[in-house]
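Survey of secondary and tertiary structure
Listed here are the chains, written in short residue letters.
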Amino acid sequence: MLSQIYTIALIFLSGFISYSAVNHFTMGRHQPQDRAHLLFAGMCLAMTLYILPRVMELRATTIDGGLSALRLCLACVILFLSLLPWFFVTV
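The structure contained in this document is the topic of the report that follows.

Definitions and limits used
Residues numbered from 1 in each chain as written. Predicted model: local features only at pLDDT ≥ 70, side-chain atom pairs only at ≥ 80, totals over all residues. Heavy atoms only, no water. Phe/Tyr/Trp six-rings, centres within 6.5 Å; stacked < 30°, edge-to-face > 60°. Helix = DSSP H or I, 4+ residues; strand = E, 2+ residues; numbered from the N terminus. Buried < 20%, exposed > 50% of the residue type's maximum accessible area, 1.4 Å probe, protein only. Patch = residues over 30% accessible without salt bridge, like charges linked within 9 Å, V, L, I, M, F, W, Y side chains within 5 Å. Areas by Shrake-Rupley, 256 points an atom, 1.4 Å probe, with all protein chains shown as cover. Salt bridge = Lys/Arg side-chain N within 4 Å of Asp/Glu carboxyl O. Expected span 1.5 Å × (residues − 1).

Things to note about the packing of aromatic side chains
For any pair of aromatic rings, the description rests on two quantities: the centre-to-centre distance and the angle between the ring planes. A complete count under the given rule lists two aromatic pairs for this structure. Here the aromatic rings of Phe-40 and Phe-87 are separated by 5.9 Å at their centres, their planes lie at 40 degrees, and the arrangement is tilted. Placement of the pair is Phe-40 in helix α2 (residues 36-59) and Phe-87 in helix α3 (residues 63-90), with a sequence separation of 47 residues. What makes Phe-87 buried here is its relative accessible area of 15%. Centre to centre, the rings of Phe-87 and Phe-88 are 6.1 Å apart; their planes meet at 50 degrees, and the pair counts as tilted.

Some points on a nonpolar patch on the surface
A surface patch of nonpolar side chains, about 240 Å² in accessible area, is lined by Leu-45, Leu-49 and Leu-79. The exposure class assigned to Leu-79 is partly exposed, which follows from its relative accessible area of 38%.

A look at α2
Side chains three or four residues apart in an α-helix point the same way, a direct result of the helix having 3.6 residues per turn. For α2, which comprises 24 residues, the first-to-last C-alpha distance of 35 Å matches the rise-based estimate of 34 Å (1.5 Å per residue) to within 8%. What α2 keeps buried is the set Ala-36, His-37, Leu-39, Ala-41, Met-43, Cys-44, Ala-46, Thr-48, Ile-51, Pro-53 and Val-55.

In structure tokens, the structure reads:
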């Protein structure tokens, strides 16, 4: 029961973060001299890409399914952490 509520909340959060990514991407396209919006949009995209394998991990029924979801989560975390210092330098 609790994992179902958690999964629904993660899916809702993923949609909210995706909207934020699209919004900041459009703002960054209109202001090309300010790259902070584009970097934040990339970070939001990386967070969205992290949440989707996390839902797959919670729904996994086999060990192989869980491990493949964990690998995707790790790749998304590496992407997010590679963009984070660049974002801090730009802001």
